[in-house]
Amino acid sequence: MQSPVIHRVTTLDLALQKRPWPFADQRRAEIDAHFAAQQRAKPSLWNGRVLLGRDPVFAGERLSANYFETDFATFLAWRDWGFPDKEIFNGFGMGALLTSDGAFVMGEMGQHTSNPGRIYFPSGTPDLDDIRGDTVDIAGSVLRELEEETGLSPADCRADADWHCVYTGPALAMMQILRVDMPGEALRARLEANLARQDDPELAAIHLVRSRADLNAAMPRFVTAFIETQL
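Residues numbered from 1 in each chain as written. Predicted model: local features only at pLDDT ≥ 70, side-chain atom pairs only at ≥ 80, totals over all residues. Heavy atoms only, no water.

(A) Broad picture of the overall build of the protein chain. Summing up its helical and strand segments, the protein chain has 6 helices and 14 strands in all. Taking 231 residues into account, the globule formula puts the C-alpha radius of gyration at 17 Å, and the protein chain, at 17 Å, falls close to it. On the principal axes, the C-alpha backbone points of the protein chain span a range of 50 × 45 × 35 Å. The buried share among the 231 residues of the protein chain stands at 48%. About 10,700 Å² of surface is accessible on the protein chain, with carbon and sulfur atoms providing 48% of the total. (Helix = DSSP H or I, 4+ residues; strand = E, 2+ residues; numbered from the N terminus. Rg over C-alpha atoms; globule rule 2.2 N^0.38 Å. Buried < 20%, exposed > 50% of the residue type's maximum accessible area, 1.4 Å probe, protein only. Areas by Shrake-Rupley, 256 points an atom, 1.4 Å probe, with all protein chains shown as cover.)

So, in structure tokens, the structure goes:
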């Protein structure tokens, strides 16, 4: 994985295409066996449909890319086996929650998920719910993931117009700052109360990031790179 590169854009031009993925076809038996093993360890894993990207182009204030549909089992194998197809990337949106007193709010993934213990902004690989005609709606994906993970609705925050795209090769995090008119501790208490009401929450804990010192928590490099440009 290359060092993160951050591009700031205002337009996401993400086209949906029907294209074969040779990796998925050529290694189908291995992929299925890998997913079966993962499911035995974590029965809650579900082999749904997801959208992955290729052909990213940054030009001025625009990001253009093409997306295609595949299954989660193939995505998981591609990720776990070190991204053997270098032309593909996982391009997902992230809602960078920012409180009125300057704290970023992040969630720690539960042990039953495919990313246990990782600390992220609300996010998720796009899926079929994020398709709008022949395009992929990352802005809508961000708001959907925000509500699913935190209980916050679009009315609870104000989205900045631009996107901070952190590109590492196999990962492309499209981050949009979502401003919440509430101090950090109050928002954390609200989100923790929402988690307590869920039978099987995706998140295990809520973290506040106020300074570079807070980045000592174990979080992915693309998130760290983004936050360091904002603090």
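(B) The arrangement of the packing of aromatic side chains in detail. Evaluation of the coordinates by the stated rule reveals 11 aromatic pairs. Relative to F23, the ring of W21 has its centre 5.2 Å away and its plane inclined at 45°; by these criteria the two rings are tilted. A relative accessible area of 7% places F23 in the buried class. Note on F58 and Y167: the rings are 6.4 Å apart at their centroids and 55° apart in plane angle, and the pair reads as tilted. You can see F58 sitting in strand β3 (residues 49-59) and its partner Y167 sitting in strand β12 (residues 163-167), a full 109 residues away along the chain. An aromatic cluster is present here, built from W21, F23, F35, F68, F72, F75, W78, W81 and F83 joined pairwise through their rings. Across the ring face of F68, the terminal group of R54 is positioned such that the distance to the ring centre comes to 4.5 Å. (Phe/Tyr/Trp six-rings, centres within 6.5 Å; stacked < 30°, edge-to-face > 60°. Lys NZ or Arg CZ within 6 Å of the ring centre and 35° of its normal.)

(C) Region of interest: unusual backbone geometry. The phi dihedral of D55 is positive, around 60°, even though this residue is not glycine. Within the secondary structure layout, D55 lies in strand β3. For F83, which is not glycine, the phi dihedral falls at a positive 55°. Assignment of secondary structure puts F83 in the loop between α3 (72-80) and β5 (88-98).

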